[in-house]
Structures are given as structure tokens and as C-alpha cells.
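What follows is each chain in one-letter form.
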Amino acid sequence: MSISRADVLKIAELAKLHFSDEELVAFTAQFQRILDYVEQLKQVNIEGIEPTSHVSLAQGFERFIFREDEVKPSLPVEESLANAPDPGEGHFRVPKVL
Amino acid sequence: MNLTCAFEIGEAVNHKKVSAVEVAESALARIEAVDSALRAFITVERERVLARAGEVDRRVASGESGMPLAGVPVAVKDNICTRNLRTTCGSRILESYIPPYSATAIERLERAGAVVIGKANCDEFAMGSSTENSAFQVTRNPYDLGRVAGGSSGGSAVAVASGMATLALGSETGGSVRQPASFCSVLGLKPTYGRISRYGLVAFASSLDNIGPIATNPRDMALLLSVIAGRDEHDSTSAPVPVPEYTAQVGMSVRGMRLGIPKEYFGEGLDPEVRSIIEAALSNAKSLGCELKEVSLPHTAYAIADYYIIAPAEASSNLARYDAVRYGFRVPDPQDLSEMYKRSRSIGFGAEVKRRIMIGTYALSSGYYEAYYGRAMRVRTLIKRDFEKAFETVDALLTPVSPTPAFKIGEKVDDPLAMYLSDIYTVTANLAGIPALSLPCGFAAEGLPVGLQIIGNQFQEGTVLRFAEAYFRGFPVTSPKLKV
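Here, residues in each chain are numbered from 1, in the same order as that chain's written sequence. The order in which chains are written sets their letters, starting at A; the order in which ligands are written sets their numbers, starting at 1. Local features in this predicted model are restricted to residues of pLDDT 70 or higher, and side-chain atom pairs are both shown and tallied only at a pLDDT of 80 or more, whereas totals for entire chains, interfaces and linings draw on every residue.

Helices and strands together make up the secondary structure of chain B, namely 16 helices and 13 strands. Principal-axis analysis of the C-alpha atoms places the extent of chain B at approximately 65 × 55 × 45 Å. Sorting the 484 residues of chain B into buried and exposed places 63% on the buried side. Residue pairs qualify as contacts under a 7 Å threshold applied to their C-beta atoms, which are placed from the backbone. For chain B, the share of sequence-separated contacts (at least 6 apart) that also reach a separation of at least 24 residues comes to 77%. Strands here mean DSSP runs of E at least two residues long; helices mean DSSP runs of H or I at least four residues long; both are numbered from the N terminus. Buried residues are those with 20 or more other C-beta atoms within 10 Å of their own C-beta, exposed residues have 12 or fewer, and partly exposed residues lie in between; C-beta atoms are placed from the backbone.

Along the backbone of chain A there are 3 helices and 2 strands. Across chain A, helices and strands are ordered from the amino to the carboxyl terminus as α-α-α-β-β. Throughout, the radius of gyration refers to the C-alpha atoms, and the reference size of a globule is 2.2 Å times the residue count to the power 0.38. Taken over the C-alpha trace, chain A has a radius of gyration of 23 Å; the compact-globule value for 98 residues is 13 Å, which it surpasses by more than 25%. Looking at chain A residue by residue over its 98 residues, the buried ones come to 12%.

Turning to the sheet that holds strand 11 (residues 396-400) of chain B, a few remarks are in order. All names here are of chain B. In this description, strands pair whenever DSSP reports at least two bridges between them. Reading across from one edge, 1-3-2-6-8-7-12-13-11-9-10 is the order of the 11 strands in this open sheet, with mixed pairing throughout. Looking at the sheet topology across the chains shown, the edges are occupied by strand 1 (41-43) and strand 10 (291-295). Strand-to-strand, the axes of this sheet are offset by a mean angle of 35°, without reference to chain direction. Bridge count between strand 7 (residues 187-190) and strand 8 (residues 210-215): 2 bridges; the pairing is antiparallel. The residue of strand 8 that forms the bridge with Gly188 is Ile214. Angles shown run from 0 to 180 degrees and are taken between the N-to-C directions of axes, each axis being a line fitted to C-alpha atoms and, for helices, limited to the stretch in contact.

Now for the interface of chain B and chain A. With 53 residues of chain B in contact, the opposing surface of chain A contributes 41 residues. Elements with a minimum of two residues in the side of chain B that touches chain A: helix 10 (303-318), helix 11 (337-348), helix 12 (351-364), helix 13 (370-390) and helix 14 (416-421) of chain B. The biggest single contributor to the side of chain B that touches chain A is helix 13 of chain B, with 10 residues. Residues that form the side of chain B that touches chain A fall into these classes: 27 nonpolar, 12 polar and 14 charged. Lys, Arg, Asp and Glu make up the charged group, whereas Ala, Val, Leu, Ile, Met, Phe, Trp, Tyr, Cys and Pro make up the nonpolar group; the residues left over, Gly among them, are polar.

Attention now moves to unusual backbone geometry. All names here are of chain B. Of the consecutive residues Gly151 and Ser152, the connecting peptide bond is found in the cis state with omega at 15°. Considering the arrangement of structural elements, one finds Ser152 in the loop between strand 5 (144-148) and helix 5 (154-161). Positive phi is not limited to glycine here, since Cys89 has a value of about 60°. The backbone of Phe459 sits at a positive phi, close to 65°, despite the residue not being glycine. Among the secondary structure elements, Phe459 is positioned in the loop between strand 13 (449-456) and helix 16 (461-474).

A separate point is the packing of helix 1 (residues 5-14) of chain A against helix 12 of chain B. One way to put it is that helix 1 of chain A packs onto helix 12 of chain B with a least axis distance of 9 Å and a crossing angle of 95°. Here helix 1 of chain A lies roughly perpendicular to helix 12 of chain B, going by the angle between them. Residue-level inspection shows Ile11, Ala12 and Leu14 of chain A of helix 1 of chain A in contact with helix 12 of chain B, the latter providing Met358, Thr361 and Tyr362 of chain B. Classifying every residue of the contact of helix 1 of chain A with helix 12 of chain B by side-chain character gives 5 nonpolar, 1 polar and no charged. Note on terminology: angles under 35 degrees are roughly parallel, angles over 145 are roughly antiparallel, angles of 65 to 115 are roughly perpendicular, and the others are oblique.

Residue and element names in this part refer to chain B. For strand 2 (residues 73-77), a buried count of 5 out of 5 residues is recorded, marking the element as mostly surrounded by other parts of the structure. Covered by surrounding structure in strand 2 are Pro73, Ala75 and Lys77 together with Val74 and Val76, the residues of both alternating faces. With 5 bridges joining them, strand 2 and strand 3 (residues 115-120) adopt parallel strand pairing. Within the sheet, the bridge partner assigned to Val76 lies in strand 3 and is Lys119. Between the parallel elements strand 2 and strand 3, the chain passes through helix 4 (residues 104-111) in a crossover that is right-handed. Here strand 2 runs beside strand 6 (residues 167-172); their pairing, made up of 3 bridges, is parallel. Bridge assignment links Val76 to a residue of strand 6, and that residue is Leu169. When the strands point away from the viewer and the path from the first strand over the helix to the second turns clockwise, the crossover is right-handed.

This part is about the confidence of the model for chain B. The pLDDT averaged across chain B works out to 97; a share of 100% of its residues lies at or above 70. Two summary scores accompany this predicted model of the complex, namely pTM at 0.98 and ipTM at 0.95. In predicted models, pLDDT denotes the confidence assigned by the predictor to each residue on a 0 to 100 scale.

Residues and elements named next belong to chain B. Along strand 7, one buried face is formed by Leu187 and Leu189 and the opposite face, lined by Gly188 and Lys190, is buried too. As judged from the 3 bridges shared by strand 7 and strand 12 (residues 436-443), these two strands associate in the antiparallel manner. Bridging from a neighbouring strand, Gly188 pairs with Ser438 of strand 12.

All names here are of chain B. Along the chain, the position of Tyr373 falls in helix 13. We classify Tyr373 as buried; it has 22 C-beta atoms within 10 Å. Between the alpha carbons of Tyr373 and Pro272 there is a distance of 35 Å; along the sequence they are 101 residues apart. Setting aside chain neighbours within four positions, we find Tyr373 in contact with Ile309, Ala313, Ala363 and Leu364.

Pasting the structure below:
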């Protein structure tokens, strides 16, 4: 699979990342090498093989184990906001959306 | 004071032969003396460490029992949350993040009397194999300051290897504890997936991530594992499997233990010197009374390619949370929401993290999902089955940890693929979810450490540690002098 500059720009938009023109050139080349390397997976015969998304599921657990849905104490508002870049009036402030 | 054995420190502090504060002062003095050369720590808060050690001494004085790690200094990789102690993940985006809670593994360590001595350097978000991807500093190998510590848990491995901490926690997504342990001549364990709670371990690739302990000897490793392992209601993937008495298991005989030697781990690309050291280790294993037989894990060659679809795919999803809203770096005065996301993430993340987010986004994007991620999950099934088949006839597998000893700083930074290939023998255990240990077994001619990998079946950490202890006692490794 050959990857173009336009492909990289499209993926960057999906990933909410920005690259300078210079970064794009180097990045496109590295991206291509990595994709060429993973192409080898196409040599593997996967017909009839079930996917493994998660090993726990194969360890004899029927499903992930969830706790009972009971209300428990949670972080106080001040602590929840302590790491926020722009807290205000008990909320997280962001640039105007509409 | 000698800081190499956690068992001894715990006993001495519990019997009031030495105080936890004195132990902490020794560790802090060692950090003061050598860390400017090694750069293993991102954060060390001296007053906090001494206050925590003082609390341990008060608990001992009040007669509290059940503190096997009383006063033991532990280095913690900086992607494991510590309440009110900065946790950066080696990233600018979390440069000033102060977690409001501690990881379950940290809670359990502190309950057992351990003292967190500092936060250890790592590749940004644990993405790397050399600790060169940290946004803050490059950690150096104590056996050759011009060489890498390995990674991503390089700071944790160096802290223990150089006597700045007795134990450490690292994390593993694809070899990130075992490879630096091998490069620095300490023990590093990747446990069975679900053995140790991931609560408070900053997520990279959730189906592969594990917290991994580091120690200087198998008994300490068994003790540390027994303290932090077990079910945790805060992690739905932590396993409801009882935690055995690992410390009792380590002393048992290995006579008649069946060890498989997977031929695919001894092929092209294995450094000849590493090969001869590992082959010598195999004959040592035989002389301990173990039965060796060749086995085959035919899908090994596809493991790196498989890993570099699955791990970035999960990472691209996990790292979407860095949106500059609730925590983390935000650019000043963004024009709108979209610009805030893009510019904050582009400045906050380093090159390797962005590369993996991009690969993962691509692999999951519409039209490519089945061809990349769907196929990779099926190949993962085949890699896992290879191990299941091997464990029908053997108790554990022996392999090299890494194809070469520690490489030079800067040698692979411009070639991501070459860097990825240094994990070729370790990522398989993460994909299969099984335990594997790196055990020091020799030194190459330039004085660089080489590790032997012992891979066990699911939840068979006890078997792995039992072999490690027998080998450790039977064939002690003589280390060259550290360069610090």
C-alpha cells in the first residue's frame, strides 16, 4: 500500500494532529516503511481463525467482571478541576463552540 | 548501607535494627551522587520521601505487622499514578500533572511499608525501546554511559541496577520491562495479563499493558509480586485468580522441569555473542536437572508486525483523551475548539507518540480496518495458539531477551523500524498474555549485560521464578564495575 501526502493529511485530521511541511516529508517516508513492514501479515493464512481482541476473554472468564452499580464517593469538584488548564465556576472552560 | 535486598531491608526495619528514614537517606544520598550522570529520575521529592519513611517507622513502633517491604525504597515509572506526586509519562503534555489518586499497585506497596523514592524516566507514554523518547532527558546505561538503558522502563531498571532503589515498578506493553532489565543486569517481570491491576497505570494499549516489577534477585521479585498481584475491583480485567505463595515456590527444586527451546528465537539477527552466552545458559539449565527440548513457535516472525498494528490502534484510541480540557497542556488563546485540540496535541506529544497515533488511526480508519486491525487480531490468535501448543509438552521456555546487548545512544533514533525490531523476542508474550522474566545471565566482551528470558504459561509466575532462583543460586553472574 502506497501512502501519499494527501493520505497523511487526512489521517492527521482524524487524529487531531498538525504537521509542518518539513515534518510531513519525513513522516510520510517513515510511515511508508512501517506499512511496508506490516504487509508481511498478508502472508499468513487466517481463514477460519477467530480474532483475539483481548486475552482475558480467552483465560476462562466469560466476560469482564464489573462491580455492582452502587453509588460510591467520588472526587470532590476542586480536586477534579485541579489539573484543568482553564477551570472556572466549577467547570472546565473551553473556547466558544457555537 | 547496602540497598540490594528488599527481604533484608524489610526484616531489619521490622526488627528496628535500622530505621526506614536511615534507609531512605541512603537511597537519597546515592541518587544525589550518581543520578546527575545516569538521569534515571524525573522527580525526587526529598522531604516527601523522608516524611513517608518516618510514617513507616511510626507504624513499626506502634507494633503494626504485615509490612514485608517496610522501608524498602521503590522507584516508580512515571506513567504510574502517585497521589499528589507529579506523574508526567515522560511527556510535555502531562508535564505538570498531579494525580488525585494512586495506582492500586502503589496503594498495595505502601500498605506493605514500601517507600516511593522517586518517579523514574521512561519513553514518552512508554512508547520506545531506549528511553530516548522521554521529553525530559535520556537515561544512561550504568555499564556504559554512552549506551542506552533500554526502554521504555529505562529509568526504573537503572535505578535498581545502580543501587538508587531496591525495587522498581515499570510497565510493559511490548517488552518494556524485560529489555531494559536485560540491558542493565537486573530482573524484570512481565506478569500474566490481569495478574497485577492496571488501575492507575496510564493507558497505552489496554489489551497489552501490564505493570512489571524489577528486582535484583528472584526472592525479592517473588515478594514484590505477592504484594502487588491480585484482583482489584477498579480494574475489570484484573483476574479473580488466587495469588499463590510465590516466596515459598522459589525455593523448590527444578529437577525434571521441562524446558522448551523455541528454534525461531535463535535465527538470523541474533548477535553471535548473545547467542553463545544464551547457549551456555541452556547447558547450565541442563546441569540443574532440567530436561531441554526444541519446540517450534511458527508465527514468531509475524509478531513485530502484528504488534505494530494492534498497539498503535489501541494507543490512537486511548490517547484521544488528551484534549487539553480536563488536564494536560493547552496552547494559549486558541481560536476555536478544533485548533485547541490540534495545536495542544501537536506541541504536547513527541514524534514517536504522534507516529503511533497516526499508524493506529490509519489501521482503524474506514476501508482499512479489516485489512489491518482485523487481520492483526487473527494473527494474534495464531501466535497465542503456538504457545498453547508448546505448553502441552513443556513447563517453560528459554530464549534470549533481546537480539543484541545495549546499543549506543542515538544509534536507532532516526530509524523507528530498527528500534522496533529490538523487541522481537519479547512482544510475543504480551500478545499471548503470558508471563515472562528477564534474568541476568552474563556479560558480553565489552562489559554489557545479557539477559535470559524465561517464558511461562498463564498464571505460572511461580514456575518461572522457581527456575530463576535455582539458576541465580547455581550460576551467579560476576558483574563488571559500574561506570558510576
